[in-house]
Amino acid sequence: MGAVDRTFCFPMLLVVLSLLPALPQVNLPQRLSQTTGCDPQPSKIIVERETIFAALFNAQDFDLIEQIFYNPGAQLIPPSADSYLLASQVPAFLKSLYDSGVRNLALTPVCTVTIPNGVIHELGEASSNQGSFKYYVRWIPSDVSYQIAFDVTHLNVSESALRTPLSFFSASDVTPSNDINNTIANLDHAFAELFNSQQFDQVQQLYTPDALLVPPTADEFINQPSYAMFFKSVYESGAKNLQLFPQHVLQESDTLVHEIGHLSHALGGGTYYARWRAVGSTWKIEFDLMSIGA
C-alpha cells in the first residue's frame, strides 16, 4: 500500500471532530434485568462512534483511529485470540487487516448494555468485502465521548457453536509462570469440577453478582442470576467432561486479570475470554465471552 494522502486525512479529521458528540447525560439503569437481553435499541452514541471508526479505517487513517477511539490503557484481542495488543499497536494491526484485502468496512452495533458506572458493552457485526463476523467492545466514558477499553475483534459463532472441532488440550499445554497463573488455573479447575458434578448453583457463585456472560451465539448478555439454569442447559445439551486451560493470563492490576483460555468437552471445544475481578481475597469472573477467535 502506498503512503496515505494527508491532504485527504486533514479534512477528514475536521469532519470527524465535528461529528464527535459531546459526552451524553446517560440515564443509567438502577440495575440490569435479572435474566438476559440488550438495551431496547443499540446505543445511539455507539452507533455514531462505529460509523466514524469504519470511515477512518476505509480512509486508511489508522493512527487517528488509535488517537480518537482507544483509551491509552486499552487491550485488543486479535482474530487469532492468542495475545493482547496495546493501544499503541492498534494502527499496525489495522493496517495489516487493510493490507490483507479488507475493504468497505461497516460496523453495526447489534446489542448494547449500559451499566450503572457508565460503561457500555457492545456486541456488533462487522462486514466487508471479505464477509462478516461478530465482535465485542467495552466502551468507557472519556472527556470527549466514549473510548474503547477492551476490544475482542472476532467472536467464534457457528450454527452450533458448542460443536466447534478442537484438538484436545491437556494440562501439559499450560506452564504457569507466576502465582496469578497458578491461581487462575486452580479456579478454572474448580469451575470444571463443579460443572461436571452438576453443581450449577456453585458455578454461579464463581461470578460477581453484576457479571455479564456472552453465550456462544453472541447475541445477548446474560446476567448472573440466570447462570445456574444456563449452565444446566449447556450440560444437558451434551457438553460434558468440561476441561478449562488458561493460555494467556494478563494481570492488569492487583484487582483485575484477563484470561484467554482453551476448553474441551464431549462436543468439541474452543477458545474463551474471562475477566476476573478480586472481591476481597477471592477472584471471581466479572465478564465471560464463551467463544472467541476467527
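The structure we're discussing is the one just above.
Residues numbered from 1 in each chain as written. Predicted model: local features only at pLDDT ≥ 70, side-chain atom pairs only at ≥ 80, totals over all residues. Heavy atoms only, no water.

Visitor: Just to check I follow, could you spell out the pattern of salt bridges for this structure?
Guide: Opposite charge on two side chains lets them pair, provided their charged atoms get close. As enumerated under the stated definition, the model contains four salt bridges in all. Across the pair Asp99 and Lys95 runs a salt bridge whose closest N-O atoms are separated by 2.7 Å. Linking Asp99 with Lys95, this pair stays in helix 4 (residues 90-99), spanning four residues, or about one helical turn. For Lys95, a relative accessible area of 34% puts it in the partly exposed group. Connected through shared salt-bridge partners, Arg275, Arg277 and Glu286 make up one network. (Salt bridge = Lys/Arg side-chain N within 4 Å of Asp/Glu carboxyl O. Helix = DSSP H or I, 4+ residues; strand = E, 2+ residues; numbered from the N terminus. Buried < 20%, exposed > 50% of the residue type's maximum accessible area, 1.4 Å probe, protein only.)

Visitor: Looking at this structure, I do not really get the pairing of strand 8 (residues 207-214). What am I missing?
Guide: When you tally the buried positions in strand 8, you get six out of eight residues, the bulk of the element. Looking at chain direction, strand 8 and strand 13 (residues 282-289) are connected through four bridges and run parallel. Paired with Val214 across the two strands is Leu289, which belongs to strand 13. Pairing geometry for strand 8 and strand 9 (residues 221-223), over two bridges, is antiparallel. Note on strand 9: the bridge partner recorded for Leu212 is Asn223. The turn linking strand 8 back onto strand 9 is made up of six residues, and Ala218 within it adopts a positive phi angle of 50°. (Pairing = 2+ DSSP bridges.)

Visitor: Please clarify how the packing of helix 2 (residues 44-58) against helix 3 (residues 62-69) should be interpreted in this entry.
Guide: One way to put it is that helix 2 packs onto helix 3 with a least axis distance of 8 Å and a crossing angle of 155°. Considered as vectors, helix 2 and helix 3 are oriented roughly antiparallel to each other. Between helix 2 and helix 3 the crossing geometry is left-handed. Every residue of helix 3 that contacts helix 2 at Arg49, Ile52, Phe53, Leu56 and Phe57 is listed here: Phe62, Leu64, Ile65, Ile68 and Phe69. Taken together, the residues that form the contact of helix 2 with helix 3 break down as nine nonpolar, no polar and one charged. (Axes fitted to C-alpha atoms, helices over the stretch in contact; angles between N-to-C directions. Parallel < 35°, antiparallel > 145°, perpendicular 65-115°, else oblique. Left-handed = near helix turned anticlockwise from the far one by under 90°. Contact = heavy atoms within 4.5 Å. Nonpolar A, V, L, I, M, F, W, Y, C, P; charged D, E, K, R; others polar.)

Visitor: Help me out: how do you make sense of the packing of helix 3 against helix 4 in this one?
Guide: Angle between the axes and distance between the axes are the two parameters that describe a pair of packed helices. Contact geometry of helix 3 with helix 4 gives a least axis separation of 8 Å together with a crossing angle of 135°. The orientation of helix 3 relative to helix 4 falls into the category oblique. When the axes of helix 3 and helix 4 are compared, the crossing they make is right-handed. Listed contacts from helix 4 to Phe62, Asp63, Ile65 and Glu66 of helix 3 are Pro91, Leu94, Lys95 and Tyr98. Its residues assigned to classes, the contact of helix 3 with helix 4 shows five nonpolar, no polar and three charged.

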